[in-house]
Each structure stands twice: as C-alpha cells, then as structure tokens.
Amino acid sequence: QVTLVESGGGLVQAGGSLRLSCAASGRTFSLYKMGWFRQAPGKQREFVARIIWNGGSTLYADSVKGRFTISRDNAKNTVVLQMNSLKPEDTAVYYCAASPLAILPTTASGYNYWGQGTQVTVSS
C-alpha cells in the first residue's frame, strides 16, 4: 500500500506560479510512475504530467507543456509539480497519483494510488 499526500495549492493571479508537492509513504519501492491529474468543476479528471520514479523520464499534457515541470526527490519520496505562467483555465483540484505499472501513463485508470487533492485557483 502507498499513501500520497499533496500540499501547496492556493490562490494566485494569472501569470503567477505555484509549487505542488506530493509526499509518498509506504511501499514506495514498488512504484514505477507518479503523475499529476486535475479536475475542474463539471469536467472529467485530466492528465497533467507523469514522471518515472526511477529514471526521471517525464511526459506532459499539451496544455501545460513549457509551463509546468514535474520532478522527483527519491531520497525524500516526494514528487513536485512546478507551475508557472498560470492561467484561469488551470483552476482545478490537483491530484497526485502513483502506480507500480508502466501501462496507461496518461489515463486515471493507469494509477492505483491517489492523494486527497489540493485546490488551485487562478484569478484573471
């Protein structure tokens, strides 16, 4: 079992930055990938970014490419999402997710473990 706890959400003006952290505990040695997803009111949960737990290879949604950066600190069992040049359409609850499998890296069904979510609100 793996437990994920997100932190770092909040309210920011358009063009600003926020840094989200996800602390993993439990059987972290079993993890292959970790990702960030987001869900806006009335919309489906969508993929934001993914990182391979060992190796660091990254993958981004087109909507955040060039603005968001995902990174990991294996010693601290933490994954970070640095969000720059934020836009009002980035407003959503952001979820950290993890999986021991390589399949389905950009879909929610490809992840076994989820955090509780953290709210990000970008004002115009």
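None of the values given here were measured: they were computed from a predicted structure.

Undergrad: Go over a nonpolar patch on the surface, please, and point to the residues and values.
TA: A cluster of nonpolar side chains, Leu101, Ile103 and Leu104, forms an exposed patch at the surface whose accessible area comes to about 280 Å². Among the structural elements, Leu101 can be located in the loop between strand 9 (92-99) and strand 10 (113-114).

Undergrad: Break down the packing of aromatic side chains for me, with residues and values.
TA: Tallying each qualifying case throughout the model produces five aromatic pairs. On the basis of an interplanar angle of 80° and a centroid distance of 6.5 Å, the ring pair of Tyr95 and Trp114 is categorised as edge-to-face. Pair noted here: Tyr95 is in strand 9 and Trp114 is in strand 10, with a separation of 19 residues, a long-range link. Chaining the aromatic ring pairs together yields one cluster made of Phe37, Phe47, Tyr95, Tyr111 and Trp114. The ring of Trp114 carries Arg45 above its face, with NZ or CZ at 4.8 Å from the centroid.

Undergrad: Any details on the nonpolar core? Residues and values, ideally.
TA: Counting residues in hydrophobic clusters, the biggest one holds 34 residues, and the most contacted among them are Leu4, Met34, Trp36, Leu81, Met83 and Tyr94. Mapped by element, the contributors of at least two residues to this core are strand 1 (2-7), strand 3 (18-26), strand 4 (33-39), strand 5 (46-52), strand 7 (68-73), strand 8 (78-83), strand 9 and strand 11 (118-123). Counting residues per element, this core draws most heavily on strand 9, which supplies five residues. Discounting residues that sit within four places of it in the chain, Leu4 has contacts with Cys22, Ala23, Ala24, Met34, Cys96, Ala97, Ala98, Tyr113, Trp114, Gly115 and Gln116.

Undergrad: Tell me what's going on with the pattern of salt bridges, and back it up with residues and numbers.
TA: Per the counting criterion, the structure on display carries four salt bridges. One salt bridge in this structure joins Asp90 and Arg38, with 2.9 Å as the shortest N-O distance. Highlighted residues: Asp90 in the loop between strand 8 and strand 9 and Arg38 in strand 4, separated in sequence by 52 residues. Summarising the burial analysis for this pair, Asp90 and Arg38 share the class buried. Among the salt bridges present, the one from Asp90 reaches Arg67, with a minimum N-O distance of 2.8 Å. With Asp90 in the loop between strand 8 and strand 9 and Arg67 in the loop between strand 6 (58-60) and strand 7, this pair connects stretches of sequence that are 23 residues apart. Both residues of the pair, Asp90 and Arg67, belong to the buried class. Residues joined by salt bridges that share partners form a network here, namely Arg38, Glu46, Arg67 and Asp90.

Cut-offs applied
- Note on numbering: residues in each chain are counted from 1, in written sequence order.
- Local features are withheld for residues below a pLDDT of 70 in this predicted model, meaning they are given only at 70 or higher, and side-chain atom pairs are given and counted only at 80 or more; totals for whole chains, interfaces and linings count all residues.
- Values shown for side chains rest on all heavy atoms present in the structure; no hydrogens or waters enter the calculation.
- Patches in this entry comprise residues that are over 30% relatively accessible and not in a salt bridge; like charges within 9 Å are linked, as are nonpolar side chains (Val, Leu, Ile, Met, Phe, Trp, Tyr) within 5 Å.
- Computed with the Shrake-Rupley method and a 1.4 Å probe, the accessible areas treat only the protein chains shown as cover for residues.
- Salt bridge, as used here, is a side-chain nitrogen of Lys or Arg placed within 4 Å of a carboxyl oxygen of Asp or Glu.
- Runs of E in the DSSP output that reach at least two residues are strands. Runs of H or I that reach at least four are helices, and both are numbered from the N terminus.
- Pairing of aromatic side chains here covers Phe, Tyr and the six-membered ring of Trp, requires ring centres within 6.5 Å, and sorts the geometry by plane angle: under 30 degrees stacked, over 60 edge-to-face, intermediate tilted.
- A ring is considered to have a charge above it if a Lys NZ or an Arg CZ atom is located within 6 Å of its centre and within 35 degrees of its normal.
- For our purposes a nonpolar core is just a set of buried Ala, Val, Leu, Ile, Met, Phe, Trp, Tyr and Cys residues, chained together by side-chain atoms within 4.5 Å.
- Here's how the labels work: a residue is buried when its accessible area is under 20% of the maximum for its type, exposed when over 50%, partly exposed in between, all with a 1.4 Å probe on protein chains only.
- In this analysis, two residues are considered to be in contact whenever any of their non-hydrogen atoms come within 4.5 Å of each other.

Everything listed is a geometric property; what it means functionally is a separate question.
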